[in-house]
Amino acid sequence: MVWDVLVLFAFAMTSRDLTALAQTAEDVTRIHQLLGDVNPRIPPSRNLSEPTAVSVAVNLLAINELDTATQTLTLVAWFSITWTNQYLTWDPADYGGAKHFYPDPAEVWRPSIVVQNTKTQLYPLGKFLQITAMADGTNIWYPGDVISTTCRVDVTYFPFDEHTCQVSLVVWSEPGTALLAPMLDKIDLTSFTESSEWELLDTSVRDILVPYSAEGKGDVKLLLELTLKRRASTLVVTVLLPVALLAAINLVVFLIPCESGERISFAVTVLLSYGVFLTFVTDVMPTASDSVSILVLYLYSLFMVSALFLLLSVLTVRLHHFDCSVSPSVAGYVVCLERIVHPGKRFQNRVSSLNNTDDILDDKPRILYRGSLEKLNNPRKGEKQREPREITNSIPKKIQPDSGDEICPPKGMTWKRVVRTVDAFLFRMFSVVLFVATIIVALLILILR
């Protein structure tokens, strides 16, 4: 008995559903005839003093591009926009159980929603139109579009930069007739396709009141926010690592012998390489921005250092081919650099004055004047040792003691030795400078961002 009752109840419910679904073409045609009493230019509220509540849900499909040079965000999205049309209702029982139909979008009222911060022309949403009209008066509109908006970027920590871009939706041509409200506080990412260049960290949807009268009346603006982070792995491999490698290779210019003739051409090649990387990086930087990339400053610094290396290479090659003698003052500086470069090695730097003849006898200096060396206290065999006064008088007049000139540098001090010492010193000095600068730049980009 119980089973019979359950079977009869199920059959009754099934028959009811079949009856509800047994709508004919005539029923749908009669529903469309309801549009004759609807004016698409009149807001769908019987009380026109109150704005029509419009709920908006945003569905993001893809992020096509975030062009940091032009500060433009391009994305693809579709919207689910819902409102109640009080002039378009019916009883489904009178129309064969039809609970909804799809009217022509031009025949019903729609809110004129536009993207306020668009980068292109200002036009209402409306591509790929579809409106679903429900029996209780609920209208659901599904517009989709490719949206290009302005996005203010901060490239200080490029290529590890993050940006928050905004899309502003407002009711444009009918102020006060529609009140926008977010259906969700987040953007729907169900159909979202990840970008290969940008990672979507967070989204938000919020409404902001924009007053247009002194009485406090105003329209509501929907603000969509997207936080994007650049995927830096490709730029690290293609930009950062080659730049760091070039900085190390640039130091090799001081290790190339001047006799090889390749020093200047090597310096020019590295300088041109920095120019190529600067062109690549500056192409993705904004032409006008409040921030400057730390990486760009670092590249400009390396470019100027490379230019300095080129000038130093020309100077050292020129000095290497000098055929004149090294002055005593230059020799003194060179010996000091040798002690810095080779702290464990002993160098002789006896450059004495002839103003005191006693010092000459005690220290046994050597006189070198375009000839061989001669010890003052070791005369030749059979030759009488001369007095110090006579020896000093035998020195040419241009280096007399009264003139205050010094004896020429120690034996072996040539311009080739000067160049070798300067190269070794510059190589060590710039190695430390570039290493410290690279570490500081890496800390600024990775830690302070």
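Residues numbered from 1 in each chain as written. Predicted model: local features only at pLDDT ≥ 70, side-chain atom pairs only at ≥ 80, totals over all residues. Heavy atoms only, no water.

Asker: Hey, could you run me through empty space enclosed by the protein in this one?
Answerer: Unfilled space is identified by rolling a water-sized probe across the atoms. Inspection of every chain in the model, using the stated rule, returns 3 cavities of 30 Å³ or more. Computed from the structure, the largest cavity encloses a volume of approximately 80 Å³. For the largest cavity, the full set of lining residues is V115, T118, T120, Q121, L122, Y123, L125, D145, V146, I147 and S148. The dominant element in the lining of the largest cavity, judged by the number of residues it contributes, is strand β7 (residues 144–150), at 4 residues. By volume, the second largest cavity is sized at about 60 Å³. Counting residues per element, the ones that place at least two in the lining of the second largest cavity are β1 (52–67), β2 (72–84) and β11 (218–230). In terms of residue count, β2 provides more of the lining of the second largest cavity than any other element does, 3 residues in total. In terms of residue class, the lining of the second largest cavity is made up of 10 nonpolar, no polar and no charged. (1 Å grid on protein atoms, 1.4 Å probe; cavity = no way out; pocket = protein on both sides within 12 Å on 5 of 7 lines; lining within 4 Å. Points joined across faces, edges and corners; volume = space filled by probe spheres on them. Helix = DSSP H or I, 4+ residues; strand = E, 2+ residues; numbered from the N terminus. Nonpolar A, V, L, I, M, F, W, Y, C, P; charged D, E, K, R; others polar.)

Asker: Explain helix α6 (residues 328–341) here, please?
Answerer: An α-helix turns once every 3.6 residues. As a result, residues three or four positions apart point the same way. Taking 1.5 Å per residue, 14 residues should reach 20 Å; α6 reaches 20 Å between its end C-alpha atoms and fits that length. Taken as a whole, α6 has its buried residues at A331, G332, V334, V335, E338 and V341. Looking at the buried side of α6, the elements it contacts are α9 (415–446). (Expected span 1.5 Å × (residues − 1). Buried < 20%, exposed > 50% of the residue type's maximum accessible area, 1.4 Å probe, protein only. Contact = heavy atoms within 4.5 Å.)

Asker: Explain the pattern of salt bridges to me, please; I cannot follow it from the model alone.
Answerer: Side chains that differ in sign of charge can pair as their charged atoms come close. A complete count under the given rule lists 7 salt bridges for this structure. A salt bridge links D202 to K186, with the nearest nitrogen and oxygen atoms 2.8 Å apart. With D202 in strand β10 (residues 198–211) and K186 in the loop between β9 (178–182) and β10, this residue pair connects regions lying 16 residues apart in the sequence. One salt bridge connects E197 with R230, and the closest N-O pair in it is separated by 3.6 Å. With E197 in the loop between β9 and β10 and R230 in strand β11, this pair connects stretches of sequence that are 33 residues apart. By relative accessible area, which is 7% here, R230 ends up buried. Sharing partners across several salt bridges, the network here consists of D161, E197 and R230. (Salt bridge = Lys/Arg side-chain N within 4 Å of Asp/Glu carboxyl O.)

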